[in-house]
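Spelled out from the first residue to the last, the chains are:
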Amino acid sequence: MTKNIVNEIAKKLCLSPKGILAADESTNTIKKRFDMIDVESNFESRRSYRELLFKTRNLNEFISGIILYDETIKQSTSEGIPFPKYLSENGIIPGIKVDKGAIPLDKDSGEKFTEGLDGLNKRLEEYKKLGAEFTKWRAIINIDLSKNYPSLYCLEANAFMLARYAKTVQDYEMVPIVEPEVIMDGIHTIEDCYEVTSSTLKKVFEQLNLHQVNLSGILLKPNMVISGTKCEEQASIEKVAKLTVQCLTEHVPKDVPGIVFLSGGQSNEKATLHLNEMNKLFKDLPWKLSFSYGRALQQPSISSWKGEENNIKISQDALFKRSKLNSSATSGVYSPNDEHQML
Ligand code: 13P
């Protein structure tokens, strides 16, 4: 029974031509985004911004689910409709970030360890009552070859946490999005990223199996295999697509229904192009390849909003446009020319 429920939600979340909007920035992170447009971050400004996103007309044509933050899932529209209820009524599945963020793996370490198992059951009970049907936990894996990062300890510890989280979430009949993010920052090459992503996914699936997680009822949210931001040689779109799919094919079991990428600091256009190239080149993959972007969907909306009521419509149009373009990329039919078309 539980299995059927989570499998169905997982399938719905990655059903073509849709993807997921990550709007689960923590209070600290959204403050950084608001600082860039000179908007004060407070309870009401964060609520208004999220309301603007969620009320984008016909968003449900391209977006299957939205990941919320603890504060947001308890907020309401200006008419007083709780956000999760509003989303469900408008054909979008509400989800929730449940990890508690990352701390240094060791004192003075540049590696990270994501916390949040303490009190998780209680939080899940509450989120479920509030209407959440899926959840997210993000692990952070840094690459720094001069320091031998990532260490085996970092990979094992984070994989364990991801798996224990996933198992617990499924017990509450919700879908866990399992997000091991190999960070783009650094001088490493795309081949280094391939190696690290490969070791990370290997550990994650070992732990998921050990914890007897139902793989048909999860979504994987990985990074793409990509050159480090400061690497002198930036790999082509085609190389990113080929190495990413090769790495996933080696490690992701066929039972997993969908892989929904994070954008990780890629430009909006690159995030769309890479996803498109994968879906254009590879037609017979066992899993859906879609998106669960935060920055690459929201950047144009947030910068055109600037905290002004008068800008709500252009900000919503910007979200609609990026959602539609990424939706095309899930079928491999996006063209860069579409960027300039009226949508
Ligand atoms: P980005 O697409 O901005 O990387 O965010 C996705 C996300 O949910 C990170 O946890």
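All of these numbers come straight from a predicted model, not from anything done at the bench.

Peer 1: A description of the pairing of strand 7 (residues 175-182) should follow, citing residues and the corresponding values.
Peer 2: Across the eight residues that make up strand 7, a large majority, eight, are buried. Of the two faces of strand 7, both are covered, the one formed by Val-175, Ile-177, Glu-179 and Glu-181 as well as the one formed by Pro-176, Val-178, Pro-180 and Val-182. Sheet topology places strand 6 (residues 134-141) next to strand 7; eight bridges connect them, and they run parallel. Residue pairing across strands places Trp-137 opposite Val-178, the latter belonging to strand 7. For the handedness criterion, the β-α-β arrangement of strand 6, helix 7 (residues 152-171) and strand 7 is classed as right-handed.

Peer 1: Which residues make up the pattern of salt bridges, and what are the values?
Peer 2: According to the stated counting rule, one finds 26 salt bridges in the structure shown. Between Glu-126 and Lys-74 there is a salt bridge, and its shortest N-O distance comes to 3.7 Å. Here Lys-74 lies in the loop between helix 4 (70-73) and helix 5 (83-89) and Glu-126 lies in helix 6 (residues 120-130), a separation of 52 residues in the sequence. The residue Glu-277 makes a salt bridge to Lys-280 at a minimum N-O spacing of 3.4 Å. You can see Glu-277 and its partner Lys-280 sitting in helix 10 (residues 268-281), three residues apart, about one turn around the helix. Lys-280 sits in the partly exposed class, given a relative accessible area of 44%. A single salt-bridge network, built from bridges that share partners, covers Asp-24, Lys-136, Arg-138, Glu-179 and Glu-181.

Peer 1: Residues and numbers for the pairing of strand 10 (residues 288-293), please.
Peer 2: Most of strand 10 is tucked away: five of the six residues are buried. Pairing between strand 9 (residues 258-261) and strand 10: four bridges, direction parallel. Residue pairing across strands places Ile-259 opposite Leu-289, the latter belonging to strand 10. Regarding topology, helix 10 serves as the crossover connection from strand 9 to the parallel strand 10, and that connection is right-handed.

Peer 1: Requested: an account of the packing of aromatic side chains, with residues and values cited.
Peer 2: Summed over all chains, the structure comprises seven aromatic pairs. With 5.3 Å between their ring centres and 70 degrees between their planes, Phe-62 and Phe-320 make a pair best called edge-to-face. With a gap of 258 residues between them, Phe-62 in the loop between helix 3 (43-54) and strand 2 (63-68) and Phe-320 in helix 12 (residues 312-329) connect regions that are remote in the sequence. Overall, the relative accessible area of 18% leaves Phe-320 in the buried class. An aromatic cluster is built from Phe-34, Tyr-49 and Trp-305, whose rings are joined through pairwise contacts.

Peer 1: Which residues make up the nonpolar core, and what values go with them?
Peer 2: Among the nonpolar cores identified, the biggest contains 86 residues, and Ile-66 and Leu-208 are the most heavily contacted of them. For Leu-208, the residues in contact, after removing those within four places along its chain, are Ala-163, Ala-166, Val-178, Val-213, Leu-215 and Ile-218. Membership of the second largest hydrophobic core comes to 14 residues, among which are Ile-9, Ile-20, Ala-22 and Val-260.

How each quantity is defined
- Residues numbered from 1 in each chain as written.
- Predicted model: local features only at pLDDT ≥ 70, side-chain atom pairs only at ≥ 80, totals over all residues.
- Heavy atoms only, no water.
- Buried < 20%, exposed > 50% of the residue type's maximum accessible area, 1.4 Å probe, protein only.
- Helix = DSSP H or I, 4+ residues; strand = E, 2+ residues; numbered from the N terminus.
- Pairing = 2+ DSSP bridges.
- Right-handed = clockwise from strand over helix to strand, strands pointing away.
- Salt bridge = Lys/Arg side-chain N within 4 Å of Asp/Glu carboxyl O.
- Phe/Tyr/Trp six-rings, centres within 6.5 Å; stacked < 30°, edge-to-face > 60°.
- Core = buried A, V, L, I, M, F, W, Y, C linked by side-chain atoms within 4.5 Å.
- Contact = heavy atoms within 4.5 Å.

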